[in-house]
Structures are given as structure tokens and as C-alpha cells.
Amino acid sequence: MTKGIEMREAHFPGRAPIDAYGNGGFRFADMSHVGSVLMLPSGIYAWDVAEGDPLTTDKFRRVLDEAQEIEVLLVGTGREIRPLPADLKAALKAANISSDPMNTGAAVRTYNVMLAESRAVAAALIAV
């Protein structure tokens, strides 16, 4: 008996600069993704966060799990910059991660520069 379609969590197993963003998604590594993304040392993951959603510590669990390899986390908060909640900022700081919220466009540009410099950077990017 044949299996049906197997759905897997969206994941690109590597680091890549972002070639484009907008229209609700991102382009990187000759692929496109609709929705938000986490750009981590272990790869690029679909991130179930939309503009305006609460930024809870639970939504950043994967980031915290990779804290040993991350010095700076850029948080693209959508079209407008918004501050990170105090408990999230404290959890990141406790994991020795410096966090910097900014609009998604600025986060994409900064991520690409820091990645090119081989910095220990990660990004949580809300699609716009």
C-alpha cells in the first residue's frame, strides 16, 4: 500500500542570505517561502508568527535551544518596530543572546551584512 503525501516542517538545512522579502514571504537559496521564518545556525525554519501576534518566549524556543551558537538575534517585527516583551528579553539575555528588534526590512538587511561577516547572528523575521 502506498503512503499518502508526507507533510514535513519547512526547513532549509543551512545558512543563506535573504535575496528578497515582501508579499508575505521571503526568497533565499533559490527558493521562496510564504510566511515568517527563523534564520538559525542549524538552518532556516518556518515560523508560525504573523504581524501583530504576541511575541512570547515559547515562540522563541528554537532560538533559545541554539543559544550556544548565537550572539545576536535580530527580530524583524513586521512593518513597524515594536519592543520585545520584558520576559522574552530577559530569557534571551539569560541565554547570552543580545536581541535587537527592528522592522523586518531593516532586520533582513542587517542579517545579510552580519552573515557575510561570519558573525554569530540569527534572525526571527515576521513576513510583510
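Cut-offs applied
- Residues numbered from 1 in each chain as written.
- Predicted model: local features only at pLDDT ≥ 70, side-chain atom pairs only at ≥ 80, totals over all residues.
- Heavy atoms only, no water.
- Pairing = 2+ DSSP bridges.
- Helix = DSSP H or I, 4+ residues; strand = E, 2+ residues; numbered from the N terminus.
- Axes fitted to C-alpha atoms, helices over the stretch in contact; angles between N-to-C directions.
- Core = buried A, V, L, I, M, F, W, Y, C linked by side-chain atoms within 4.5 Å.
- Buried < 20%, exposed > 50% of the residue type's maximum accessible area, 1.4 Å probe, protein only.
- Contact = heavy atoms within 4.5 Å.

1. With respect to the sheet that holds strand β2 (residues 18-22)
Reading across from one edge, β2-β3-β4 is the order of the three strands in this open sheet, with antiparallel pairing throughout. At either end of the open sheet lies a strand with only one pairing partner, and these are β2 and β4 (31-34). Ignoring strand direction, the axes of neighbouring strands in this sheet form an average angle of 15 degrees.

2. A word on the pairing of β4
Strand residues, when the strand is regular, have side chains that alternate between the two faces of the sheet. As defined by bridge partners, strand β3 (residues 25-28) adjoins β4 across four bridges and the pair is classed as antiparallel. Counterpart to phenylalanine 26 in the pairing with β4 is histidine 33. What sits between β3 and β4 in their antiparallel hairpin is a turn of two residues, with alanine 29 showing a positive phi close to 50 degrees.

3. Comments concerning the pairing of β3
Here β2 runs beside β3; their pairing, made up of four bridges, is antiparallel. If you follow isoleucine 18 over to β3, its bridge partner there is phenylalanine 28.

4. Structural notes on the nonpolar core
Soluble globular proteins tend to bury their nonpolar side chains together. Counting residues in hydrophobic clusters, the biggest one holds 20 residues, and the most contacted among them are Phe60, Val63, Leu73 and Leu92. Going through the elements one at a time, β5 (36-40), β6 (43-47), α1 (61-65), β7 (72-76), α2 (86-94) and β9 (121-125) are the ones with two or more residues in this core. When residues no more than four places from it in sequence are discounted, the contact partners of leucine 73 are Phe60, Val63, Leu92, Ile97, Ser98, Ser99, Asp100, Ala122, Ala123 and Ala124. Of all hydrophobic cores here, the second largest spans 19 residues; its members include Val37, Met39, Val108 and Ala127.

That's the geometry; what it means functionally is another story.
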